[in-house]
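In case you want the letters, here they are:
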Amino acid sequence: MNVWKALGLAGMVGVAASGALVVRSERKRRAYAPDEVRDQLQQRFAAVSEEPRPAVAPPLSRGKQLIGKLRFSRER
């Protein structure tokens, strides 16, 4: 058997196996009732909204941006 034929068959088997996995996961996803999906999304949103948000640093001035770029170029 030619090496290329064996590689081609192995590739076809891999594509078929990955397709079967995609179909299985799609069936699991569609098995949820709309109410269950809505409840899960609301729970996730509540969990995320309760977490404290980190403070956002003010943007750097143009001079500090240029200094940072010059430092980076010198380190090379």
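Up top you'll find the structure we're talking about.
This is a predicted model, so every value here is computed, not measured.

**A few points about the overall build of the protein chain**
If you tally the helices and strands in the protein chain, you get three helices and zero strands. Taken from N to C terminus, the helices and strands of the protein chain fall in the order α-α-α. Here the C-alpha radius of gyration of the protein chain, 26 Å, is well above what a compact globule of 76 residues would show, namely 11 Å. If you line up the protein chain on its principal axes, its C-alpha atoms span 65 × 50 × 15 Å.

**Thoughts on the pattern of salt bridges**
As enumerated under the stated definition, the model contains two salt bridges in all. The partner of Arg30 in a salt bridge is Glu26, and the shortest N-O contact between them spans 2.9 Å. Placement of both Arg30 and Glu26 in helix H1 (residues 3–30) is noted, with a separation of four residues, approximately one turn of the helix. The exposure class of Glu26 is partly exposed, given its relative accessible area of 28%. The shortest N-O distance in the salt bridge between Arg38 and Asp35 comes to 2.8 Å. With Arg38 and Asp35 both in helix H2 (residues 34–50), this residue pair falls three residues apart, about one helical turn.

**Here we look at H1**
For H1, built from 28 residues, the straight-helix expectation of 40 Å at 1.5 Å per residue is met to within 8% by its first-to-last C-alpha distance of 41 Å. Little of H1 sits inside the fold, with zero of its 28 residues counted as buried.

The rules we used
As a convention, each chain's residues are numbered from 1 in the sequence order in which they are written. pLDDT decides what is reported in this predicted model: residues at 70 or higher carry local features, side-chain atom pairs at 80 or more are listed and counted, and totals for whole chains, interfaces and linings draw on all residues regardless. Excluding hydrogens and water, the side-chain figures rest on all heavy atoms present in the structure. Secondary structure is summarised from DSSP: a helix means a run of H or I of at least four residues, a strand means a run of E of at least two, and numbering begins at the N terminus for each. For this measure, only C-alpha atoms enter the radius of gyration; the expected value for a globule follows 2.2 Å times N^0.38, where N is the number of residues. Salt bridge, as applied in this entry: a Lys or Arg side-chain nitrogen positioned within 4 Å of an Asp or Glu carboxyl oxygen. Accessible area is worked out with a 1.4 Å probe on protein chains only. A residue is then buried under 20% of its type maximum, exposed over 50%, and partly exposed in between. One less than the number of residues in a helix, times 1.5 Å, gives the span that helix is expected to have.

As far as function goes, none of this settles anything; it's purely spatial.
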